[in-house]
Amino acid sequence: MKKLLLSGFAACLMASAAVPLGDASRGAEIFRGQKCVTCHSIQGEGGKAAPDLGRSVSREYTPALLASLMWNHAPQMWSAMEKAGVATPKLDSQQGADLFAYFFAARFFEQKGDAGRGRKAFVDKGCAQCHNIGSGNAAGGPAVMKWDAVTDPIELARQMWNHSPRMKSTMAAKGVKMPSLTAAEMNDITVYLQNLPGAKNLKPQFSPASAATGAELFQAKGCVSCHKGEKPVGKGGGLRSGAELAAAMWNHPGKVPQRGELRPEEMKRLVGYLWALQFADEGGVAARGAKAFEAKGCAGCHAKGNPPRLAHGETDNSFGMVSVLWTHGPVMQKQMAAKGVQWPRFVNTDMADVLAYLKTVR
Ligand code: HEC
Ligand code: HEC
Ligand code: HEC
Ligand code: HEC
């Protein structure tokens, strides 16, 4: 159904207003401050007693999945906390969103490509014609070891955006067709470059990616003239890796009259905004949620027709459920144990469905 009265831009703003926009660097502080790091690691750094939260669970890493994972593991986690003498933290929705942004960023930065294939693609796609590896720009473009971007996918995507129109004209002059890159090829090339001897010791860089004012930039830079509607990008499943983003930015020219270059700080705002937007609609189905609410035993304590409101009137979304879990969970768990109710587990779409249901009964 088309929204005729709303411009795409207004629709974006409305969609994003429903969900708190997370900030990855604030999330990193919470992760340390709330002692999650004593048991969990992010990409190998931190405690080893619990799963690494920067490791990929699946491509479909969403706020609802984070809330489900936390919910399912909470009883074991709380007893581990009791044993370790760590107080159970209380999180609000915004902190839930920030933690999600942090974990999402860590997954976004993971290396999963194949360096051998990447080496081949770097040659086959013509990059090697203009970029040599070690030093100098004898080949026409700066050497790879001089790139700022090798270990930072957001910076790489920015470079791809700024660079491709110029490269397109060079190629046109040479009568060569501009190669387009798939996300898989981009991923392989990145891993190849990251594993070159000179780059090996560089740490992956986490860009803060704050969503603030990203919506305005998305308009100012003309993105919105092609990317319209409530889900302006990510229709094919979203931006789940840095390689997808970089390949997409590379593939633009030809289709796009680019309005100026993007600066680093602009790119971070755009990416933070696009990350947050792709999760604005959690896609739950209220009728399925009503059934799950019954089946999981929630209705046994939360009287029918009077189900719980989400945490203190905060927005109804998965971050609200993260907050509810950490704030009310331990009390709920004790009552459940006393009543002989099993701690419910959330699988598949359960979390999004229950949320959709709770929204209808507010
Ligand atoms: C005292 C140790 C400890 C602390 C502190 C801790 N956790 Fe956990 N966490 C665990 C354990 C153990 C598990 C796995 C439980 C299981 O296997 O069921 C877990 C599981 C999880 C999972 C599910 C992981 C997955 O991939 O299945 C998430 C998400 C999580 N914790 C988030 C957090 C966050 C966020 C914090 C800080 C607010 C935190 N944890 C603090 C011990 C801890
Ligand atoms: C026709 C020559 C040519 C080809 C082919 C080429 N580049 Fe470039 N590249 C350049 C030039 C010239 C620059 C520097 C000018 C600029 O900033 O746009 C550059 C800059 C870059 C930068 C920014 C580096 C920095 O300063 O941090 C990146 C990243 C990059 N290229 C990646 C690639 C990739 C990946 C390929 C293959 C898909 C490729 N290039 C193919 C000529 C080329
Ligand atoms: C002239 C039209 C146009 C403009 C302007 C434009 N894009 Fe695109 N964009 C496209 C097209 C076409 C695709 C390719 C869609 C496909 O391949 O399925 C695309 C794909 C993308 C993708 C990846 C595909 C997806 O949906 O996940 C991203 C991310 C993206 N654009 C970001 C931007 C950003 C950021 C700007 C502004 C700086 C911008 N675009 C400006 C036309 C445009
Ligand atoms: C054994 C009884 C019991 C069961 C079963 C139960 N809850 Fe609760 N729930 C409680 C109690 C008690 C509280 C208030 C806890 C507190 O005061 O900290 C609560 C609080 C909540 C809140 C927070 C309300 C607020 O004020 O923010 C939500 C949301 C919630 N529960 C959802 C659920 C869902 C979803 C289920 C099913 C998966 C469920 N509960 C199952 C007892 C239960």
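None of the values given here were measured: they were computed from a predicted structure.

## Concerning the coordination of the iron atom of ligand 3
Each donor-metal-donor angle in an ideal tetrahedron of four donors is 109.5 degrees, and each such angle in an ideal octahedron of six donors is either 90 or 180 degrees.
Stage number 1. Bound to the iron atom of ligand 3 on the protein side are His227 (NE2) and His252 (NE2), at distances that span 1.9 to 2.0 Å.
Stage number 2. Metal-centred angles of 88 to 179° between the six donor atoms at the iron atom of ligand 3 mark the site as octahedral. Within this pair, whereas His227 is found in the loop between α9 (214-220) and α10 (242-250), its partner His252 is found in the loop between α10 and α11 (264-277), the two being separated by 25 residues in sequence.
Stage number 3. Classification of His252 by relative accessible area gives buried; the value is 19%.

## So, the site of ligand 2
Stage number 1. Contacts to ligand 2 come from 18 residues, most closely from Cys127, Cys130, His131, His163 and Met167.
Stage number 2. A distance of 3.1 Å separates an oxygen atom of ligand 2 from a polar atom in the side chain of Gln159.
Stage number 3. One of the side-chain N or O atoms of His163 is found 2.8 Å from a nitrogen atom in ligand 2.
Stage number 4. Among the elements that take part in the shell around ligand 2, helix α7 (residues 153-174) stands out by supplying eight residues, more than any other.
Stage number 5. Tallied by class, residues from the shell around ligand 2 come to nine nonpolar, seven polar and two charged.

## Considerations on the coordination of the iron atom of ligand 4
Stage number 1. All of the protein donors around the iron atom of ligand 4 are His302 (NE2) and Met332 (SD); their distances to the metal are 2.0 to 2.4 Å.
Stage number 2. Coordination geometry of the iron atom of ligand 4: the six donor atoms subtend angles of 84 to 179° at the metal centre, consistent with an arrangement described as octahedral. Of this pair, His302 sits in the loop between α12 (286-295) and α13 (318-339) while Met332 is found in helix α13, placing the two residues 30 residues apart along the sequence.

## Topic: helix α4 (residues 93-108)
Stage number 1. In a regular helix each residue adds 1.5 Å, so 16 residues correspond to 22 Å; α4 covers 22 Å between its end C-alpha atoms and thus fits that length.
Stage number 2. Burial within α4 is extensive, with 14 of its 16 residues counted as buried.
Stage number 3. Two or three places before Gln94, at the opening of α4, Asp92 has a side-chain oxygen 3.2 Å from that residue's backbone nitrogen.

## Considerations on the pattern of salt bridges
Stage number 1. A full pass over the atoms with the stated rule returns eleven salt bridges.
Stage number 2. A salt bridge links Glu265 to Arg269, with the shortest nitrogen-to-oxygen separation between them at 2.4 Å. One end of the pair, Glu265, and the other, Arg269, are both in helix α11, four residues apart, so they sit about a helical turn from each other.
Stage number 3. Classification of Arg269 by relative accessible area gives partly exposed; the value is 22%.
Stage number 4. Between Asp353 and Arg288 there is a salt bridge, with its nearest N and O atoms 2.7 Å apart. On the criterion of sequence distance, the pair formed by Asp353 in helix α14 (residues 350-360) and Arg288 in helix α12 is long-range, its members being 65 residues apart.
Stage number 5. Look at Asp353 and you get buried, because its relative accessible area is 2%.
Stage number 6. Look at the salt bridges and you will find they share partners, linking Lys221, Arg263, Glu265, Glu266 and Arg269 into a network.

## Quick word on the packing of helix α8 (residues 183-194) against α10
Stage number 1. Two elements in contact, α8 and α10, have axes separated by 8 Å at closest approach and are oriented at 110°. Between α8 and α10, the angle falls in the class roughly perpendicular. Remark: the crossing between α8 and α10 carries right-handed chirality. Contact residues: Ala183, Met186 and Asn187 in α8; Ala243, Glu244, Ala246 and Ala247 in α10.
Stage number 2. Looking at side-chain class alone, the contact of α8 with α10 contains five nonpolar, one polar and one charged residues.

Analysis parameters
- Residues numbered from 1 in each chain as written.
- Chains lettered and ligands numbered in written order.
- Predicted model: local features only at pLDDT ≥ 70, side-chain atom pairs only at ≥ 80, totals over all residues.
- Heavy atoms only, no water.
- Donors = N, O, S within 2.8 Å, 3.2 Å for Na, K, Ca; no water.
- Tetrahedral: all angles 85-135°; square planar, octahedral: opposite > 155°, others 65-115°.
- Helix = DSSP H or I, 4+ residues; strand = E, 2+ residues; numbered from the N terminus.
- Buried < 20%, exposed > 50% of the residue type's maximum accessible area, 1.4 Å probe, protein only.
- Near = heavy atom within 4 Å.
- Polar contact = N/O pair within 3.5 Å; in protein donor to acceptor, adjacent residues only side chain to side chain.
- Nonpolar A, V, L, I, M, F, W, Y, C, P; charged D, E, K, R; others polar.
- Expected span 1.5 Å × (residues − 1).
- Salt bridge = Lys/Arg side-chain N within 4 Å of Asp/Glu carboxyl O.
- Axes fitted to C-alpha atoms, helices over the stretch in contact; angles between N-to-C directions.
- Parallel < 35°, antiparallel > 145°, perpendicular 65-115°, else oblique.
- Left-handed = near helix turned anticlockwise from the far one by under 90°.
- Contact = heavy atoms within 4.5 Å.

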